[in-house]
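So you can see what is in the structure, the chains are spelled out below.
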Amino acid sequence: RGLLPLRRIGQAIAQREPQALQPIDAGPAPLPAELGPLVGALNALFERIASLLEAERRFTADAAHELRTPIAAIRAQAQVAQGAGDDVATRSQALQSTLQACDRATHLVEQLLTLARLESSAGAAQEGVDLAVVAREVLAALAPAALARGQALEFDAAGSCPVRGSATLLGVLLRNLADNALRYSPEGARVAVTLSRRDGRTVLE
């Protein structure tokens, strides 16, 4: 008789559908004081899971919407190239626009993958990281694209630059900053990344 409320809660959870995240209904009888914290913690967990699932649904819907635009542009330009016939200039322009739309789609997919990495690393432990080492790796990966546009990508670090944080998240931060600087600067531009120590702190510019 004393364990009956606990059995009722166990049965209520066991009979649930996987998508059922509403609070646990323990029945008409009041719960023993000892079970209150347990039921409260389970209900709080269900609420957090529901919020996470809703965020994922919004993310999926937004990603699908964003991907439609470059895909539609690629299709439209491919149709223009297909119908250009002997008009070399029109076909060449359409193919160039197709490549640009492919680049936009690639960039969007990279952003989505970055968001996925951020989600998986959200609870990453703080650790000692040399930001100079992270920056060299990130900028080395971006250098070929910069050279292709005739851009100068420079890096200057005053030796080791230790910080506390997640190497993965700091790499994402640096990549986004440097990639935006390169992407939205004209051909032949100079992009300089500098790490220095000031007043005992690491400064990124």
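Reading guide: rules and limits
- Residues numbered from 1 in each chain as written.
- Predicted model: local features only at pLDDT ≥ 70, side-chain atom pairs only at ≥ 80, totals over all residues.
- Heavy atoms only, no water.
- Helix = DSSP H or I, 4+ residues; strand = E, 2+ residues; numbered from the N terminus.
- Rg over C-alpha atoms; globule rule 2.2 N^0.38 Å.
- Buried < 20%, exposed > 50% of the residue type's maximum accessible area, 1.4 Å probe, protein only.
- Contact = heavy atoms within 4.5 Å.
- Areas by Shrake-Rupley, 256 points an atom, 1.4 Å probe, with all protein chains shown as cover.
- Lys, Arg positive; Asp, Glu negative; His and termini not counted.
- Charge placed at Lys NZ, Arg CZ, Asp CG, Glu CD.
- 1 Å grid on protein atoms, 1.4 Å probe; cavity = no way out; pocket = protein on both sides within 12 Å on 5 of 7 lines; lining within 4 Å.
- Points joined across faces, edges and corners; volume = space filled by probe spheres on them.
- Nonpolar A, V, L, I, M, F, W, Y, C, P; charged D, E, K, R; others polar.
- Patch = residues over 30% accessible without salt bridge, like charges linked within 9 Å, V, L, I, M, F, W, Y side chains within 5 Å.
- Salt bridge = Lys/Arg side-chain N within 4 Å of Asp/Glu carboxyl O.
- Pairing = 2+ DSSP bridges.
- Axes fitted to C-alpha atoms, helices over the stretch in contact; angles between N-to-C directions.
- Core = buried A, V, L, I, M, F, W, Y, C linked by side-chain atoms within 4.5 Å.
- Left-handed = near helix turned anticlockwise from the far one by under 90°.

Enquirer: Sorry, what's going on with the overall build of the protein chain here?
Expert: When helices and strands are counted, the protein chain shows five helices and five strands. Mapped in sequence order, the helices and strands of the protein chain form the string α-α-α-β-α-β-β-α-β-β. Against the globule reference of 17 Å for 205 residues, the protein chain gives a C-alpha radius of gyration of 27 Å, more extended than a compact globule. Summarising its shape, the C-alpha atoms of the protein chain cover approximately 85 × 60 × 20 Å along the three principal directions. With 205 residues in all, the protein chain has 24% of them scored as buried. A separation threshold of at least 6 residues defines the contact pool for the protein chain, and within that pool the share at least 24 residues apart is 70%. In the form shown here, the protein chain has an accessible surface area of approximately 13,800 Å², with 57% of it arising from carbon and sulfur atoms. Between the averaged position of the 21 positive side-chain charges in the protein chain and that of its 22 negative side-chain charges there is a distance of 5 Å.

Enquirer: Would you mind showing me how to read the environment of Thr-98 here?
Expert: Topologically, Thr-98 is positioned in helix H3 (residues 88-120). The class of Thr-98 is buried, set by a relative accessible area of 12%. Note: C-alpha distance between Thr-98 and Pro-30 (68 residues apart in sequence) is 66 Å. Residue contacts for Thr-98: discarding those within four places in its chain leaves Ile-74, Gln-77 and Ala-78.

Enquirer: How do you make sense of the layout of surface pockets when you look at a structure like this?
Expert: A water-sized probe, rolled over the atoms, reveals where empty space remains. Counted as a void, the largest pocket has a volume near 490 Å³. Looking at the largest pocket, it is lined by 15 residues, and the ones nearest its centre are Asp-103, Ala-145, Arg-149, Asp-179 and Arg-183. When contributions to the lining of the largest pocket are tallied by element, the ones reaching two or more residues are H3, helix H4 (131-148) and helix H5 (167-183). Residue contributions to the lining of the largest pocket peak at six residues, all from H3. The class makeup of the residues in the lining of the largest pocket is four nonpolar, four polar and seven charged. Of the voids in this model, the second largest pocket is the one considered here, and its volume is about 280 Å³.

Enquirer: Please clarify how a nonpolar patch on the surface should be interpreted in this entry.
Expert: Nonpolar side chains collect at one region of the surface, where Leu-3, Leu-6 and Leu-38 lie side by side and expose about 270 Å² of accessible area between them. As for its placement among the helices and strands, Leu-38 is situated in helix H2 (residues 36-82).

Enquirer: What am I meant to see in the sheet that holds strand E2 (residues 152-157) here?
Expert: As a general point, the strands of a sheet are linked pairwise by backbone hydrogen bonds and lie either parallel or antiparallel. Judged by pairing direction, the sheet is mixed, and its three strands sit side by side in the order E2-E4-E5 without closing on themselves. Looking at which strands have only one partner, the edges of the open sheet turn out to be E2 and strand E5 (201-204). Taking each pair of neighbouring strands and ignoring which way they run, the sheet shows an average axis angle of 10 degrees. Across four bridges, the pairing between strand E4 (residues 190-198) and E5 is antiparallel. Its bridge partner lying in E5, Arg-198 is registered against Arg-201. Contacting E2, E4 and E5, H4 runs over the sheet at an angle of about 170 degrees to E2.

Enquirer: Would you mind showing me how to read the nonpolar core here?
Expert: A general tendency of soluble globular proteins is for nonpolar side chains to be buried together. Leu-131, Val-134, Val-138, Leu-142, Leu-174, Leu-182 and Leu-195 are the most contacted members of the largest nonpolar core, which has 17 residues in total. Secondary structure elements with two or more residues in this core: H4, H5 and E4. For this core, the element with the most residues is H4, which contributes eight residues. If sequence neighbours within four positions are ignored, Leu-195 has contacts with Leu-131, Ala-132, Ala-135, Phe-155, Asp-156, Ala-157, Ala-158, Cys-161, Thr-202, Val-203 and Leu-204. Grouped together as the second largest cluster of nonpolar side chains are five residues, Ile-24, Leu-35, Val-39 and Phe-46 included.

Enquirer: Mind showing me how you'd approach the packing of H4 against H5 here?
Expert: Two numbers describe how H4 lies on H5: the axes approach to 9 Å, and their chain directions differ by 35 degrees. Like other packed secondary-structure pairs, H4 and H5 cross with a definite hand, here right-handed. Along the contact surface, H4 presents Leu-131, Val-134, Ala-135, Val-138, Leu-139, Ala-141, Leu-142 and Ala-146, while H5 presents Ala-167, Leu-170, Gly-171, Leu-174, Arg-175, Ala-178, Asp-179 and Leu-182. Of the residues contributing to the contact of H4 with H5, the split by class is 13 nonpolar, one polar and two charged.

Enquirer: What exactly am I supposed to notice about the environment of Gly-188 here?
Expert: As for its position among the elements, Gly-188 is in the loop between H5 and E4. The exposure class of Gly-188 is exposed, given its relative accessible area of 52%. For the pair formed by Gly-188 and Leu-147, sequence separation is 41 residues and the distance between their alpha carbons is 8.9 Å. When residues no more than four places from it in sequence are discounted, the contact partners of Gly-188 are Arg-149, Gly-150 and Gln-151.

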